[in-house]
Amino acid sequence: MTAKWEKKGTNDGVLTFEISEEKIKEGLDTAFNKVKSTLSVPGFRKGKVPRTIFNKQYGEEALYEDALNAVLPEAYDAAVAEAGLDPVAQPKIDVKSMEKGEAWVIEAEVTVKPEVELGEYKGLTVEKQDREVTDEDVEKNIEEKRAAQAELVLKEDAAVEGDTVVIDYEGFKDGVAFEGGKGENHSLELGSNSFIPGFEEKLVGVKAEDELDVDLTFPEDYHAEDLKGAAVTFKVKVHEVKAKELPALDDEFAKDVDEEVETLAELKEKIKTQLTEAKNAGADEAVEESAIRQAVDNAKIEDLPWAMVHDEVHRQMDVFLNDMQRQGVSPEMYYQITGTTEQDLHKQMEADADLRTRTNLVLEAIVEAEAFETTEEEVNEEIKNLGEQYGMDEKAVRAALTPEMLKHDIAMKKAIDLITETAEEK
C-alpha cells in the first residue's frame, strides 16, 4: 500500500490510500457470506445461492458498500501507520474510486495530534510552601475534638452565641402564616447561620419559657418567590436553653479520642505527626501543580484541536461518574440529588478541559524527549496498586486496562516526577 499525506492546516490534512484487489476480494467474500443467508432465489435453497448466480442477478456492485465497511478500518489503520500519523478524531471518509478490477482509492480528512515545542521543564522555581505545624495548630485540633465530644446541658441563664435553644416558631406575612414557616421543638444552635439572616441574633439573650416576636425581612435572592424581600414576623416560644459542656482536657479525654494513646501528651504528638503529614502532602501537591503549570506555559502548542478537548471533557465525565458509582450513586441519582443535568456536568468539565489537554500533550512530549521506558515489573506493581485502590481483583484490572494504557500512565507519572523533583522551592 502507498499512503500519501497532504497537510492542509496546522493539524489537519488529507490521507489518500488504496485498498488492494486482494483485500477487496476478501471484503466481497465477507459481504456475500453476510447477505446470502437472506436471499431467496428460485431453484436454490435459502443460503445456498452460488456467487455466480448472485453476481448475474444482482451485480457484484451490490456488495461494494458492505465490502468497503468490512475492509476499510484495517486499510485505514495501515495507511495511518505507513504515513506515521497520530489521529485524534474519527476521519471523514471520501471514496474517490471503486472501479471493478482495480484498487479502490480512498481519501480521509484527518485531524492529527499537534506538535509540541517543549520549553524549560526541569529545574523550575516554585513558591516555597509552608510545611511547619505549630503548637497552635495542634491545640486548635484538640479543641475541635473537644467540641465534637461536648454535651448539651440545660442552663437557666440567658442564651449566648454557641448555645442551643429548643423552640416552637411560626412565620407570618401580612398576618397570614406562610407555608414552610412552622416548626416545633426545633433545636437551633445560635451562630450556626442555619436560619435566615437576623433570626438567630435576635434569640441571643432569651431564657426558657420566653415568648417573643421576631421581625425580619427575607433576602432578595431567597428561593421561594413569594417570600423574596418580604417583611415577616416569627412568633417564637422558647422551651429550653442548652450550653455546651466540654470534656476535661486530660488523659481520659485522650483515650476517649484515640484508643491507641494512653496520655494527652501522646495524643498531641500523634496529632502533630498527622498534621505534618497532611501539610507536607498539601505542599507537595501545590509544588507539583505549580511546576507542571510552568512546564505547560513554557511549551508551545499551536491550534489545539477541538476534538481533543471534547474527548477530554467526556473522559473527565466518565471518571467522575464512575467514582460516584463506586460510592453507590448512579448518574441518574447524582443528577437528581444535585438538581443538575448531563449538560450541566459537561459544561462544568469544560472549564479547564483546554488546560488538561495541553498538560497531557506536554507530558507526553516529555516522555518522548526523555525516552522513558516501562518495565513489566512496573506494570505489575501498577496493577497491584490500582487493585488495592479500587478494591478490584488484579485480573479485573488487567481485563479493564491494556498493557499499553498502563505503560502510558506509568510513563506520564515519570514525567510528572521529573518536573516536580527537579523543581526548587524559593
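Structure shown above.
Computed from a predicted structure; not experimentally measured.

1. Focus: the overall build of the protein chain
Here's step 1: When helices and strands are counted, the protein chain shows 13 helices and 13 strands.
Here's step 2: Its C-alpha atoms give the protein chain a radius of gyration of 35 Å, clearly above 22 Å, the size a compact globule of 426 residues would have.
Here's step 3: Projecting the C-alpha coordinates of the protein chain onto the three principal axes gives extents of approximately 105 × 60 × 40 Å.
Here's step 4: Summarising the internal contacts of the protein chain: among those between residues at least 6 apart in sequence, 67% fall at separations of at least 24.
Here's step 5: As displayed, the protein chain offers around 26,300 Å² of accessible surface, 47% of which is attributable to carbon and sulfur atoms.
Here's step 6: Both charge centroids of the protein chain, one from 51 positive and one from 102 negative side chains, sit 6 Å from each other.

2. Observations regarding helix α10 (residues 353-370)
Here's step 1: For α10, spanning 18 residues, the distance from its first C-alpha to its last is 26 Å, which sits close to the expected 26 Å at 1.5 Å a residue.
Here's step 2: Regarding α10, the residues found buried are A353, R356, T357, T359, L361, V362, L363, A365, I366 and V367.
Here's step 3: Tucked into the core, α10 has its buried residues touching β5 (116-117), α6 (264-298), β12 (300-301), α7 (306-326), α9 (342-350) and α13 (403-421).

3. Examining the pairing of strand β2 (residues 12-19)
Here's step 1: Examined bridge by bridge, strand β1 (residues 4-7) and β2 share 4 bridges and lie antiparallel to one another. When the sheet's bridge partners are listed, W5 is paired in β2 with L15.
Here's step 2: In sequence, β1 turns back onto β2 through a hairpin of 4 residues.
Here's step 3: In the sheet, β2 pairs with strand β4 (residues 104-111) via 8 bridges, with the strands oriented antiparallel.

4. Quick look at the pairing of strand β3 (residues 92-97)
Here's step 1: The sheet contact formed by β3 and β4 spans 5 bridges and is antiparallel. Bridge pairing in β4 links D94 to E107.
Here's step 2: Taking the residues that link successive antiparallel strands as the turn, the β3-β4 hairpin has 6 residues, and the phi of G101 there is positive, at about 80°.

5. Considerations on the packing of α6 against α10
Here's step 1: Two elements in contact, α6 and α10, have axes whose closest approach is 9 Å; the angle formed by their N-to-C orientations is 80°. Of the possible angle classes, the one that applies to α6 and α10 is roughly perpendicular. Between α6, through I292, R293, A295 and V296, and α10, the contact on the second element is made entirely by L355, R358, T359 and V362.

6. Some remarks on the nonpolar core
The tendency in soluble globular proteins is for nonpolar side chains to be buried side by side.
Here's step 1: In terms of nonpolar packing, the biggest core is built from 36 residues, with Y334, L345, I366 and I419 touching the most fellow members.
Here's step 2: When contributions to this core are tallied by element, the ones reaching two or more residues are α6, α7, α8 (331-338), α9, α10 and α13.
Here's step 3: Grouped together as the second largest cluster of nonpolar side chains are 28 residues, A3, I24, Y64 and A67 included.

7. So, the sheet that holds β2
Here's step 1: Spatially, 4 strands are ordered β1-β2-β4-β3 in an open sheet, and the strand pairing comes out antiparallel. Edge positions in the sheet fall to β1 and β3, since each of these pairs with one other strand and no more. Ignoring which end each strand starts from, the neighbouring axes of this sheet average 20° apart.
Here's step 2: On the sheet, helix α3 (residues 64-83) packs against β1, β2, β3 and β4 and is oriented at approximately 120° with respect to β2.

8. Quick word on the environment of T340
Here's step 1: Mapping T340 onto the fold places it in the loop between α8 and α9.
Here's step 2: Along the sequence, T340 and K145 sit 195 residues apart, while their C-alpha atoms lie 36 Å from each other.
Here's step 3: The contact partners of T340, leaving out residues within four places of it in the chain, are Y334 and Y335.
Here's step 4: For T340, the side chain forms a polar contact with the side chain of T338, separated by 2.6 Å.

9. Overview of the pattern of salt bridges
Here's step 1: The full count for this structure, using the stated rule, is 33 salt bridges.
Here's step 2: For the salt bridge of K113 with D86, the shortest nitrogen-to-oxygen distance reads 3.3 Å. Taken together, the positions of K113 in the loop between β4 and β5 and D86 in the loop between α3 and β3 put the pair 27 residues apart, joining distant regions of the chain.
Here's step 3: Residue K113 is classed as partly exposed on the basis of its relative accessible area, which comes to 27%.
Here's step 4: Judged by its relative accessible area of 39%, D86 falls in the partly exposed class.
Here's step 5: Residue D352 pairs with R356 through a salt bridge whose shortest N-O separation is 2.2 Å.
Here's step 6: Taken together, the salt bridges that share partners define one network made up of E312, R315, D352 and R356.

10. Topic: unusual backbone geometry
Here's step 1: The phi dihedral of N185 is positive, around 50°, even though this residue is not glycine.
Here's step 2: Mapped onto the secondary structure, N185 falls in strand β9 (residues 176-189).
Here's step 3: In the Ramachandran plot, N193 falls in the positive-phi region, its phi being about 60° despite a non-glycine side chain.
Here's step 4: The residue N193 is located in the loop between β9 and β10 (211-217) in this model.

Conventions and cut-offs
- Residues numbered from 1 in each chain as written.
- Predicted model: local features only at pLDDT ≥ 70, side-chain atom pairs only at ≥ 80, totals over all residues.
- Heavy atoms only, no water.
- Helix = DSSP H or I, 4+ residues; strand = E, 2+ residues; numbered from the N terminus.
- Rg over C-alpha atoms; globule rule 2.2 N^0.38 Å.
- Contact = heavy atoms within 4.5 Å.
- Areas by Shrake-Rupley, 256 points an atom, 1.4 Å probe, with all protein chains shown as cover.
- Lys, Arg positive; Asp, Glu negative; His and termini not counted.
- Charge placed at Lys NZ, Arg CZ, Asp CG, Glu CD.
- Expected span 1.5 Å × (residues − 1).
- Buried < 20%, exposed > 50% of the residue type's maximum accessible area, 1.4 Å probe, protein only.
- Pairing = 2+ DSSP bridges.
- Axes fitted to C-alpha atoms, helices over the stretch in contact; angles between N-to-C directions.
- Parallel < 35°, antiparallel > 145°, perpendicular 65-115°, else oblique.
- Core = buried A, V, L, I, M, F, W, Y, C linked by side-chain atoms within 4.5 Å.
- Polar contact = N/O pair within 3.5 Å; in protein donor to acceptor, adjacent residues only side chain to side chain.
- Salt bridge = Lys/Arg side-chain N within 4 Å of Asp/Glu carboxyl O.

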